[in-house]
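The primary structure of each chain is shown beneath.
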Amino acid sequence: MTDVVVIGAGISGLATARELAARGCNVSVLERQVRVGGNAISERFDGYLMEHGPTTLNASVPNAMERIKSLGLINSAKPLGDGVQKRYLQNSGTLHGISTHRLGLLTSPYLSPRARIRFLTELLRRKGQGEDTESVHAFVSRRFGGEFADKVIEPMAAGIFMGDASELSISGAFPKLVEMEQRFGSITRAVLAAKRGGEPGRQLFSWPGGIATLPRTISVGLGPRVYTSVAVTRILRHRNRFEVQTANNGNHHADAVVLAVQPHVAASLLEELDPDGTSALADIAAPPVSVVFLGYRRDQVDHPLDGLGYLTTKGPDQVISGVQFNSTMFEGRAPDGHVSLSAYVGGARNPDLAKMEQKDLFSEVHKELGTMLGIKGKPVTSRLRMWARGLPQYTIGHQKRREIIEASSRRIAGLYLTGNYLGGVSVSNCLETAHSAADALHREIALNVPHQYKSATKV
Ligand SMILES: Cc1cc2nc3c(=O)[nH]c(=O)nc-3n(C[C@H](O)[C@H](O)[C@H](O)COP(=O)(O)OP(=O)(O)OC[C@H]3O[C@@H](n4cnc5c(N)ncnc54)[C@H](O)[C@@H]3O)c2cc1C
């Protein structure tokens with residue numbers, strides 16, 4: 001039986017471990033924190049449920065949905081509540097409600113008539129080169145016009161990556177769009193073709209206990225193979241085996257190791273084994289993000305909160321990048337007669353704002369929300385989660401970095417990396433990437449590839 005150590009029990013690590021255990025490997029998972037889940041933390045208190053990290057999964061990744069199904073988590077999954085009627089975008093201090101209907105943006109006055117015409121003529125634009133050097137903002141401006149890029153894509157980049165659309169790479173962050181342009185010559189044409197082919201639509205969901213239901217369920221299935229409060233400090237390679245040293249749990253020996261930790265941790269653990277991989281990993285920034293959770297009595301808030309929340313365009317005094325109307329999105333997120341909101345601050349746009357003093361952060365966010373949503377009086381509850389490293393940024397050059405990182409397992413047989421900096425940041429992407437990592441590792445075992453260094457430094 002092949003012994004595998006998976007380092008990190010976030011969603012990526014747990015999902016990989018589960019796949020490997022199902023393929024007959026003897027797996028141990030080592031996690032530094034006292035609990036599993038990584039940034040998927042759902043905390044219940046006083047009738048509220050706060051998501052410290054992810055809040056929704058999307059059903060548009062078929063591979064991920066297969067994993068969710070096999071975990072028996074389909075029936076208990078809850079789609080967004082009926083109260084979600086609109087998506088809001090905030091621009092120059094005003095909230096604009098846009099119907100969630102497919103044509104919502106084009107029928108709303110949010111974009112100028114000129115910008116809407118420019119959007120509709122995307123079909124006529126010439127195909128680009130599909131280069132790794134183009135930013136998300138540049139790509140979208142080229143295809144759909146600058147106003148659409150500024151007023152829709154910029155806020156979306158902040159919402160998905162807590163990133164800056166002018167820094168994110170289109171081929172790294174949204175490779176599908178590049179593929180669509182290259183294959184169909186136009187994104188509109190590609191979308192129309194996909195509709196005809198019945199491609200699954202985007203659909204968000206969670207569970208009554210929050211997103212942490214997912215890692216908890218995987219971890220329960222793995223049982224005593226998951227060790228928490230165990231920090232890995234060093235990985236060594238002796239002939240065909242790995243030695244995984246920990247701060248407080250001795251050394252673990254394995255035929256294969258899966259690194260499922262944040263890129264900066266992977267960089268430091270690989271320093272002695274793979275300098276090329278290390279430097280590519282170290283180049284991935286993950287700026288800080290703060291999640292400010294606030295509860296109010298319903299009668300304190302004038303706004304109907306009839307949407308997912310809102311995303312904001314960049315502005316000199318803009319503190320909040322995005323807000324979620326938690327208690328509209330899902331039932332049971334606030335006590336009766338109350339609502340809960342989460343505001344996201346920081347990321348690549350304003351990393352320093354995420355590090356503000358707690359009391360300043362609460363007061364700035366409450367002030368901004370008060371103006372936007374017509375809130376009277378103080379919140380009845382408030383909590384803060386500061387992620388010193390938030391989401392990995394798929395900036396220009398990311399594809400190259402990814403290739404170098406993924407080649408680590410060719411340079412060091414038996415070593416695999418997985419995580420949210422490879423195949424997309426969403427939980428669904430993490431499940432899919434974990435599946436690929438487990439498949440690749442299992443293939444290596446099945447082919448009985450001799451475990452040997454290919455180009456790494458000796459230890
Ligand atoms: C604020 C926020 C909101 C988000 N919202 C959404 C959303 O709504 N929908 C969505 O799909 N995605 C969302 N995401 C993204 C998604 O949550 C993450 O990409 C995903 O959870 C990452 O999982 P992971 O396992 O790759 O990494 P992590 O969750 O970072 O897990 C890595 C694990 O490795 C452990 N570790 C680190 N060092 C060591 C060591 N030395 N030894 C042992 N263990 C170690 C860590 O403790 C951690 O548990 C959000 C992320 C954030 C931060």
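Remember, predicted model here, so these are calculated numbers, not experimental data. (Residues numbered from 1 in each chain as written. Predicted model: local features only at pLDDT ≥ 70, side-chain atom pairs only at ≥ 80, totals over all residues. Heavy atoms only, no water.)

Draft legend 1. Summary view of the overall build of the protein chain. Counting its secondary structure elements, the protein chain contains 17 helices and 20 strands. In terms of overall size, the protein chain behaves like a compact globule, its C-alpha atoms giving a radius of gyration of 23 Å where 459 residues would be expected to give roughly 23 Å. Dimensions of the protein chain, computed from the C-alpha atoms along their principal axes, are close to 65 × 55 × 40 Å. The burial tally for the protein chain puts 54% of its 459 residues in the buried class. Taking the intrachain contacts of the protein chain between residues at least 6 apart in sequence as the baseline, contacts between residues at least 24 apart amount to 71%. Approximately 20200 Å² of the protein chain is accessible, and the part contributed by carbon and sulfur atoms is 51%. Charge separation in the protein chain, taken as the distance between the mean sites of 53 positive and 43 negative side-chain charges, equals 4 Å. (Helix = DSSP H or I, 4+ residues; strand = E, 2+ residues; numbered from the N terminus. Rg over C-alpha atoms; globule rule 2.2 N^0.38 Å. Buried < 20%, exposed > 50% of the residue type's maximum accessible area, 1.4 Å probe, protein only. Contact = heavy atoms within 4.5 Å. Areas by Shrake-Rupley, 256 points an atom, 1.4 Å probe, with all protein chains shown as cover. Lys, Arg positive; Asp, Glu negative; His and termini not counted. Charge placed at Lys NZ, Arg CZ, Asp CG, Glu CD.)

Draft legend 2. Spotlight on the nonpolar core. If you look at the biggest cluster of nonpolar residues, it comprises 39 residues, and the most contacted ones within it are V6, L20, L57, W207 and L214. Every element with two or more residues in this core is listed here: β1 (3-7), α1 (11-22), β2 (26-30), α2 (62-70), α10 (213-222), β14 (256-259) and α17 (427-447). The element that contributes the greatest number of residues to this core is α17, accounting for six residues. Apart from residues lying up to four places away in sequence, L20 is in contact with V4, V6, C25, V27, V258, A438 and L441. (Core = buried A, V, L, I, M, F, W, Y, C linked by side-chain atoms within 4.5 Å.)

Draft legend 3. Just the side chain of D255, in detail. Along the polypeptide, D255 turns up in the loop between β13 (251-254) and β14. Within the structure, the side chain of D255 is placed 2.9 Å from the side chain of R241, a separation counted as a polar contact. (Polar contact = N/O pair within 3.5 Å; in protein donor to acceptor, adjacent residues only side chain to side chain.)

Draft legend 4. Representation of the side chain of T433 in the model. Counting through the fold element by element, T433 comes out in helix α17. When near neighbours in sequence (up to four residues on either side) are disregarded, T433 contacts T418, G419, L422 and G423.

Draft legend 5. The arrangement of the site of the ligand in detail. Neighbouring the ligand are 32 residues; S12, E31, N39, V425 and V427 lie closest to it. Between the ligand and E31 there is a distance of 2.6 Å, counted from an oxygen atom to a side-chain nitrogen or oxygen. Taking V232, its main chain carries an N or O atom lying 3.0 Å from a nitrogen atom of the ligand. The fraction of the free accessible surface of the ligand (1000 Å²) that becomes covered by protein chains is 92%. Breaking the shell around the ligand down by element, the ones donating at least two residues are α1 and α17. Looking at the shell around the ligand, its residues break down into 16 nonpolar, 14 polar and two charged. (Near = heavy atom within 4 Å. Nonpolar A, V, L, I, M, F, W, Y, C, P; charged D, E, K, R; others polar.)

Draft legend 6. Inspection of the pattern of salt bridges at higher detail. Tallied over the entire structure, the rule returns 24 salt bridges. We note a salt bridge from R67 to E19, for which the minimum N-O separation is 3.2 Å. Residue R67 is located in helix α2, and its partner E19 is located in helix α1; the two are separated by 48 residues in the primary sequence. For E19, a relative accessible area of 7% gives the class buried. (Salt bridge = Lys/Arg side-chain N within 4 Å of Asp/Glu carboxyl O.)

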